[in-house]
Amino acid sequence: MSENLLGQALERIATEVDVCLDALLPLPGDARARLVEAMRYAAIGGGKRMRPLLCAATAEMLAVDRELAVRVGCSIEAIHVYSLIHDDLPCMDDDDMRHGKPTLHREYDEATAVLAGDSLHALAFEILSDASRIPDPFTRAELVACLAKASGAQGMAGGQMMDIVAEEREFDLHTVTRLQQLKTGALLAASVEMGAILAHLPEEGRKSLRHYAHDIGLAFQIADDLLDHEGDEELAGKALRKDEAAGKSTFVSLLGAERAREQARALVDQAIGHLDQYGSEADLLRAVARFVVERKK
């Protein structure tokens with residue numbers, strides 16, 4: 001039942017995100033066309049859309065308009081895609097494949113890739129500051145603040161810096177956990193939080209959802225480490241085993257594959273437990289949590 005529910009939800013959100021991004025990224029009739037083509041190449045038609053799904057599922061559970069929730073989810077996806085574009089650059093991870101096709105700087109060039117990433121970053125906040133779609137200024141401000149914090153030095157970018165340093169230093173489990181809470185967990189947590197913000201859920205009412213998001217964020221990264229350690233490159237659509245080759249400390253290198261797998265499952269069970277106050281309306285969030293450790297790519 002949950003597999004069917006999740007499968008339908010993943011198909012639906014993928015279509016909705018592509019339609020939304022297609023409308024947000026019309027091709028200009030001048031020399032900027034190459035930039036927008038590159039943005040579309042990276043953002044449309046790829047990825048699991050996990051962040052928009054979490055935002056839309058949380059918002060819908062709390063009776064928020066679906067179209068608005070998907071649009072806000074696209075702002076988070078724009079940040080995620082920009083981070084992948086920059087992460088793939090030669091100055092960072094120097095990857096050739098992403099989602100089963102050449103990375104953006106390989107398909108276009110490095111300068112275009114940098115500008116496409118920058119422009120997707122800007123697009124995210126353009127979406128959230130659109131008063132015609134989100135009339136309440138307090139909601140707009142809270143959404144912007146939430147995504148900004150999750151994206152910068154206190155979130156994803158800070159985690160990426162720690163990941164770069166990890167190539168030169170040996171990190172213990174506590175530090176690796178902190179790294180992944182920032183690099184991967186921050187945007188996943190923001191996806192749930194922003195769904196709650198759209199519902200005008202007060203701070204005290206978000207505690208259980210925050211705990212849920214925290215736990216699936218860590219479980220997601222442990223699953224990523226396991227996939228990097230033992231996954232199929234063709235299925236993943238990208239290079240694997242790069243962390244091991246670089247000598248980076250990961251959950252798998254520190255815990256071993258079996259203990260890491262057990263920890264991921266325990267986190268998922270814990271995450272689902274945080275949704276006990278909700279009924280069947282939270283079934284999709286429960287299914288997402290289970291998918292985190294069961295996915296193959």
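Definitions and cut-offs
Residues numbered from 1 in each chain as written. Predicted model: local features only at pLDDT ≥ 70, side-chain atom pairs only at ≥ 80, totals over all residues. Heavy atoms only, no water. Helix = DSSP H or I, 4+ residues; strand = E, 2+ residues; numbered from the N terminus. Rg over C-alpha atoms; globule rule 2.2 N^0.38 Å. Contact = heavy atoms within 4.5 Å. Areas by Shrake-Rupley, 256 points an atom, 1.4 Å probe, with all protein chains shown as cover. Lys, Arg positive; Asp, Glu negative; His and termini not counted. Charge placed at Lys NZ, Arg CZ, Asp CG, Glu CD. Axes fitted to C-alpha atoms, helices over the stretch in contact; angles between N-to-C directions. Parallel < 35°, antiparallel > 145°, perpendicular 65-115°, else oblique. Nonpolar A, V, L, I, M, F, W, Y, C, P; charged D, E, K, R; others polar. Salt bridge = Lys/Arg side-chain N within 4 Å of Asp/Glu carboxyl O. Buried < 20%, exposed > 50% of the residue type's maximum accessible area, 1.4 Å probe, protein only.

## Quick look at the overall build of the chain
Helix and strand counts for the chain come out as 15 helices and two strands. The C-alpha atoms of the chain give a radius of gyration of 18 Å, which matches the 19 Å a tight globule of 297 residues would have. Taken along its principal axes, the extent of the C-alpha atoms in the chain is 50 × 50 × 35 Å. Residue pairs at least 24 apart in sequence account for 70% of intrachain contacts in the chain once pairs closer than 6 positions are excluded. When the accessible surface of the chain is split by element, carbon and sulfur atoms take 52% of a total near 13800 Å². Here the chain contributes 33 positive and 50 negative side-chain charges, whose respective centroids are spaced 2 Å apart.

## What to know about the packing of helix α3 (residues 50-61) against helix α15 (residues 283-294)
Following both chains from N to C, one finds α3 and α15 inclined at 155 degrees, their axes separated by 9 Å at the closest point. Taken together, the axes of α3 and α15 lie roughly antiparallel to each other. Note on element contacts: α15 touches α3 through L284, L285, V288 and F291, opposite M50, L53, L54, A57, T58 and M61. Of the residues in the contact of α3 with α15, the class split is nine nonpolar, one polar and no charged.

## Describing the pattern of salt bridges
Going through the model one piece at a time under the given rule, you end up with 25 salt bridges. For R66, the salt bridge goes to E16, with nearest N and O atoms at 2.5 Å. With a gap of 50 residues between them, R66 in helix α4 (residues 66-87) and E16 in helix α1 (residues 2-24) connect regions that are remote in the sequence. A salt bridge links E142 to R206; the nearest nitrogen and oxygen atoms lie 2.9 Å apart. Taken as a pair, E142 in helix α7 (residues 137-151) and R206 in the loop between α9 (173-198) and α10 (207-230) lie far apart in primary sequence, 64 residues in all.

## Overview of the side chain of T177
Relative to the helices and strands, T177 is located in helix α9. Discounting chain neighbours no more than four positions away, the residues touching T177 are L218 and F251.

## Some remarks on the side chain of T103
Among the structural elements, T103 can be located in the loop between β2 (101-102) and α5 (104-107). T103 sits in the buried class, given a relative accessible area of 1%. Among residues more than four places away in sequence, those in contact with T103 are D88, D95, D96, M97 and R98.

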